[in-house]
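Chain and residue survey
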Amino acid sequence: MQTTIVVLGAGVSGLTSALLLAKNKNNRITVVAKHMPGDYDIEYASPWAGANVQPMSLRDNSRWERRTWPELRRITEQVPEAGIHFQKSLIYRRDGDLVGGYFPDGLFEKDPWFKEVLPNFRELDSSEVLPGHDSGAEVDSICINTAVYLPWLLGQCLKAGVVVKRHILTHISEAKALNHTGKAADIIVNATGLGSLKLGGVEDKKMAPIRGQIVVVRNECTPMVSTSGTDDGPTELLYIMQRAGGGGTILGGTYDKGNWESQPDPNIAQRIMTRAVAARPGLTNGKGVEGLSIVRHGVGLRPFREGGVRIEEEKLADGTCVVHNYGHSGWGYQGSFGCAEAVVVLVEKIQRQQKAKL
Ligand code: FAD
């Protein structure tokens, strides 16, 4: 029996969901979105991500990130054209940062769950810790060049028979009429990220932006660096990651909840660059901030959801079945396959119910 599915959203969540759903050849899938890979827009978080795997969850809700790592590792090893490479990651902690604010954050735990998943976790010797920090660790991870990975993901969907359309929806029920077969959609998958705050029929007031400002530079720097805090205020971060395939190096950043500002702030940019060069003078061979070769300044809004990601089914007033997959905040890539697997499980459950009614 064929099932018509409309996936709303072409960020990493929508495209990964569509790709896994397309493994069932009876699914007729249309991805519908306002923004597509190749676009840079404040309403589209995915292109702005670093993106790396730096687990953020605590052990209790680590399933999405745990389930995603094996697939991202497989792609990194076997599919160079996806634009992901392995990189060691250095994590530096200041004891004073680890309470209050945005903590707890699983990345900075001293005995983290992810040492069972990511290879070669090791606590650093005090002599190896970045000055001004109390402790640190290293672990093998990956960095995704999102400018390569998102088009690759879209290409994998097309190869699997998924049809992709641009469209702006004001109400989720409009998706019902947008399957390419012309038949009403049996199931809608909602992967609209922060769009779920305003999309009619969803209007999830638990959604909020966490603004992230970054600088992309041509300078190279490995391994990756993340610190638990900075001296520049609670919304400012320090992280560095070099993307695969000539994607430049991302200097981050900020983590500013409730801030919708779409334009880069030059003062923040200056602080980001100053912190990065202070932590890694080798970035510019000792030439200071002036030695940075800037590709672009950027701002993205992480789709935060109070209480966590929403992956669940819902029935609209007209009986249409929706499976939600939104609210991934700062971990949308590193949880993408785990969440998409859960979408498939929910879609299959609905399919069994719909079949039983026939
Ligand atoms: P989005 O990418 O925002 O996609 C939403 C889609 O829905 C778009 O196609 C949009 O056009 C569409 N849409 C919305 N509303 C409508 C509508 N009404 N009609 C039609 N279409 C609509 N994650 C990591 O895993 N690792 C990292 O290192 C990392 N770093 C980050 C750094 C920054 C600076 C930022 C901003 C984010 C970072 N993230 C990282 C988080 C990650 O980018 C997000 O969690 C992820 O991109 C969310 O993807 P999404 O597909 O759910 O949403």
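Residues numbered from 1 in each chain as written. Predicted model: local features only at pLDDT ≥ 70, side-chain atom pairs only at ≥ 80, totals over all residues. Heavy atoms only, no water.

Looking at the secondary structure, you find glycine 247 in the loop between β10 (236–242) and β11 (249–254). Here glycine 247 falls in the buried class, since its relative accessible area comes to 16%. As for glycine 247 and histidine 328, which are separated by 81 residues in sequence, their C-alpha atoms are 23 Å apart. Each residue touching glycine 247, except ones within four places of it in the same chain, is listed here: Asn145 and Val216. (Helix = DSSP H or I, 4+ residues; strand = E, 2+ residues; numbered from the N terminus. Buried < 20%, exposed > 50% of the residue type's maximum accessible area, 1.4 Å probe, protein only. Contact = heavy atoms within 4.5 Å.)

At their nearest, the axes of helix α2 (residues 63–78) and helix α5 (residues 336–357) sit 5 Å apart, and the two run at 110 degrees to each other. Regarding the angle of α2 to α5, the classification is roughly perpendicular. Residue-level inspection shows Arg63, Trp64, Arg67, Thr68, Glu71, Leu72 and Ile75 of α2 in contact with α5, the latter providing Ser336, Phe337, Gly338, Cys339, Glu341 and Ala342. In terms of residue class, the contact of α2 with α5 is built from 6 nonpolar, 3 polar and 4 charged. (Axes fitted to C-alpha atoms, helices over the stretch in contact; angles between N-to-C directions. Parallel < 35°, antiparallel > 145°, perpendicular 65-115°, else oblique. Nonpolar A, V, L, I, M, F, W, Y, C, P; charged D, E, K, R; others polar.)

Unfilled space is identified by rolling a water-sized probe across the atoms. Scanning the model with the defined rule gives 2 cavities of 30 Å³ or more in all. In this structure, the largest cavity spans a volume of roughly 40 Å³. Per-class residue counts for the lining of the largest cavity are 6 nonpolar, 1 polar and 1 charged. In this structure, the second largest cavity occupies an estimated 30 Å³ of space. The wall of the second largest cavity is formed by Tyr40, Pro47, Trp48, Ile214, Val216, Arg243, Ile250 and Arg296. (1 Å grid on protein atoms, 1.4 Å probe; cavity = no way out; pocket = protein on both sides within 12 Å on 5 of 7 lines; lining within 4 Å. Points joined across faces, edges and corners; volume = space filled by probe spheres on them.)

Close contacts around the ligand come from 37 residues, with Ser13, His35, Ser46, Ser329 and Tyr333 the closest. Note that a nitrogen atom of the ligand is positioned 2.9 Å from one of the backbone N or O atoms of leucine 169. A total of 1,000 Å² of accessible area belongs to the ligand in isolation, and the protein chains cover 95% of it. Contributing elements (two or more residues each) for the shell around the ligand: α1 (12–21) and β13 (294–305). No other element matches the 4 residues that β13 contributes to the shell around the ligand. (Near = heavy atom within 4 Å. Polar contact = N/O pair within 3.5 Å; in protein donor to acceptor, adjacent residues only side chain to side chain. Areas by Shrake-Rupley, 256 points an atom, 1.4 Å probe, with all protein chains shown as cover.)

Of all hydrophobic cores here, the largest spans 59 residues; its most connected members are Leu21 and Tyr149. When residues are assigned to domains, this core turns out to be shared by domain 1 (3–46 + 148–206 + 306–356) and domain 2 (87–141 + 207–305), each giving three or more. If near-sequence neighbours (up to four positions away) are discounted, tyrosine 149 is found in contact with Val12, Leu72, Ile75, Ala82, Ile84, Ile144, Tyr333 and Phe337. Leu90, Cys221, Val277 and Ala279 belong to the second-largest nonpolar core, a separate cluster that totals 22 residues. (Core = buried A, V, L, I, M, F, W, Y, C linked by side-chain atoms within 4.5 Å. Domains from an automatic or database assignment.)

As summarised here, the arrangement of the 6 strands in space is β6-β2-β1-β7-β15-β14, forming an open sheet in which the pairing is mixed. A single partner strand is all that each edge strand has here, and the edge strands are β6 (163–166) and β14 (310–315). Each strand of the sheet is rotated relative to its neighbour by a mean of 20 degrees, with strand direction disregarded. In terms of strand pairing, strand β7 (residues 187–190) meets strand β15 (residues 321–326) through 4 bridges, oriented parallel. Bridge pairing in β15 places isoleucine 188 opposite valine 322. (Pairing = 2+ DSSP bridges.)

A separate point is the UniProt feature "binding site: D-dopa" (unreviewed entry) in the protein chain. Per the UniProt annotation, the sites labelled "binding site: D-dopa" (unreviewed entry) are Gln54, Tyr239, Arg302 and Gly330. Along the chain, the position of tyrosine 239 falls in strand β10. Not counting residues up to four positions away in its chain, the partners in contact with tyrosine 239 are Ile214, Val225, Ser226, Ile250, Leu251, Gly252, Gly253 and Arg302. On the basis of relative accessibility, which here comes to 15%, the residue arginine 302 falls in the buried class. Polar contacts involving the side chain of arginine 302 include one to the main-chain carbonyl oxygen of threonine 254, which spans 2.9 Å. (UniProt positions renumbered as here; feature names shortened; annotations may be inferred.)

On to the pairing of β10, then. Counting buried residues in β10 gives 7 out of 7 residues, a clear majority hidden from the surface. Burial of β10 is two-sided: the residues Glu236, Leu238, Ile240 and Gln242 facing one way and the residues Leu237, Tyr239 and Met241 facing the other way are all buried. Direction of pairing for strand β9 (residues 224–227) relative to β10: antiparallel, over a ladder of 2 bridges. Note on β10: the bridge partner recorded for valine 225 is isoleucine 240.

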